[in-house]
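Here are the chains, one letter per residue:
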Amino acid sequence: ISKKNLFVVPNSIINQWKKIYLEMYPSANLLIVDKRNFTPSKKEETLKKIRDNDYDSILMTYSTFEGIELSPDYYKAKIEKDFADKRIASNNSQTSTKAVKNKANNTKAYAKKLEALGNRDPNKIYFEDLNIDRLFVDESHNFKNVSLETEIRILGVNTQGSRKCNTMMDKVKYIQKNHNGGGVVFATATPITNSIADIFV
């Protein structure tokens, strides 16, 4: 079903995951990635291992996963698509609002965002380079705080989101785009905790 599986789990239970995984699949080629092999001096070496080797699974802590970046190319494409979508929405009588029109016409802001991203570093390994084709996220309710674009203001709904959650969303969308909308498994016993935004996310 999948060739290279990445399991992202809370830092505190990675050893528990390792134990259970190896009980289930004792002959699996498993790589464990945590803070010990993801220090600044070891990070690139570890990413090369993931990219170049045929692991059945990579078991990784939240904190190390957050340290893997998507490339500037990904974010440039995302910004350009967002701008194009705003242009379409601004010309649609049902979706066109003053705020949407302002964003669609603010070409300078978009140009500035694109310029700030810079260019892809040829010596750097990005998330896209790892060839992950299945992403599993344990206790995934920890990543619900994504940015929401809405003009409606509801008490308890945070529209800004956090960097950690927005980055997770970007990686999820990257995997899904390359696997016909699939390739991602979110596991949690508490999908909805405190607001209507949880249901939407």
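Residues numbered from 1 in each chain as written. Predicted model: local features only at pLDDT ≥ 70, side-chain atom pairs only at ≥ 80, totals over all residues. Heavy atoms only, no water.

### Some points on empty space enclosed by the protein
- In total, this model carries one cavity of 30 Å³ or more according to the counting rule given.
- What the largest cavity holds in volume is close to 40 Å³.
- Lining the largest cavity are Lys43, Glu44, Leu47, Gly67, Ile68, Glu69, Lys124 and Ile125.
- Its residues placed into classes, the lining of the largest cavity shows three nonpolar, one polar and four charged. (1 Å grid on protein atoms, 1.4 Å probe; cavity = no way out; pocket = protein on both sides within 12 Å on 5 of 7 lines; lining within 4 Å. Points joined across faces, edges and corners; volume = space filled by probe spheres on them. Nonpolar A, V, L, I, M, F, W, Y, C, P; charged D, E, K, R; others polar.)

### Digging into the packing of aromatic side chains
- Counted under the stated rule, the structure contains nine aromatic pairs.
- Geometrically, the ring pair formed by Tyr74 and Tyr75 is edge-to-face, given 5.1 Å between the ring centres and 90 degrees between the ring planes. When sorted by exposure, Tyr74 lands in the same class as Tyr75, which is buried.
- Look at Tyr74 and Tyr174: their rings are 6.4 Å apart centre to centre, the planes differ by 80 degrees, and that puts the pair in the edge-to-face class. Of the two residues, Tyr74 sits in helix H4 (residues 72-90) while Tyr174 sits in helix H7 (residues 163-177), which places them 100 residues apart along the sequence.
- Clustering of aromatic rings is evident, with ring pairs tying together Phe7, Trp17, Tyr21, Tyr25 and Phe136.
- The residue whose ring lies beneath Lys164 is Phe143, and the NZ or CZ to ring-centre distance is 5.0 Å.
- Of note, Lys171 hangs over the ring of Phe127, and the distance from its end group to the ring centre comes to 5.6 Å. (Phe/Tyr/Trp six-rings, centres within 6.5 Å; stacked < 30°, edge-to-face > 60°. Buried < 20%, exposed > 50% of the residue type's maximum accessible area, 1.4 Å probe, protein only. Helix = DSSP H or I, 4+ residues; strand = E, 2+ residues; numbered from the N terminus. Lys NZ or Arg CZ within 6 Å of the ring centre and 35° of its normal.)

### Focus on the side chain of Asp133
- Examined against the element boundaries, Asp133 turns out to sit in the loop between helix H6 (107-117) and strand E4 (134-138).
- Although Asp133 lies buried, it forms no salt bridge, and the closest oppositely charged side chain, Arg134, sits 5.5 Å away as judged by the N-O distance.
- Separated by 2.8 Å, the side chain of Asp133 and the backbone nitrogen of Lys3 make a polar contact.
- Of the polar contacts made by the side chain of Asp133, one reaches the backbone nitrogen of Lys4; its length is 2.9 Å.
- Leave out the neighbours within four places in its chain, and Asp133 touches Ser2, Lys3, Lys4, Asn5, His179 and Gly183. (Lys, Arg positive; Asp, Glu negative; His and termini not counted. Salt bridge = Lys/Arg side-chain N within 4 Å of Asp/Glu carboxyl O. Polar contact = N/O pair within 3.5 Å; in protein donor to acceptor, adjacent residues only side chain to side chain. Contact = heavy atoms within 4.5 Å.)

### Let's talk about helix H2 (residues 43-52)
- The set of residues buried in H2 consists of Thr46, Leu47 and Ile50. Buried residues of H2, viewed axially, fall in a sector of 100 degrees; they line one side.
- Tucked into the core, H2 has its buried residues touching strand E2 (30-33) and strand E3 (57-61). (Arc of directions from axis to C-beta.)

### So, the side chain of Asn5
- With respect to the secondary-structure elements, Asn5 resides in strand E1 (residues 5-9).
- At a separation of 2.5 Å, a polar atom in the side chain of Asn5 contacts the side chain of Ser2.
- At a separation of 2.9 Å, a polar atom in the side chain of Asn5 contacts the main-chain carbonyl oxygen of Asp56.

### Concerning the pairing of E3
- Counting buried residues in E3 gives five out of five residues, a clear majority hidden from the surface.
- Along E3, one buried face is formed by Ser57, Leu59 and Thr61 and the opposite face, lined by Ile58 and Met60, is buried too.
- Summarising the sheet, E1 and E3 pair through five bridges and their orientation is parallel. Looking at the pairing, Phe7 lines up with Leu59 of E3.
- Note: E2 against E3, four bridges, orientation parallel. Within the sheet, the bridge partner assigned to Ile32 lies in E3 and is Leu59.
- In this fold, E2 hands off to H2, which returns the chain to E3; that crossover is right-handed. (Pairing = 2+ DSSP bridges. Right-handed = clockwise from strand over helix to strand, strands pointing away.)

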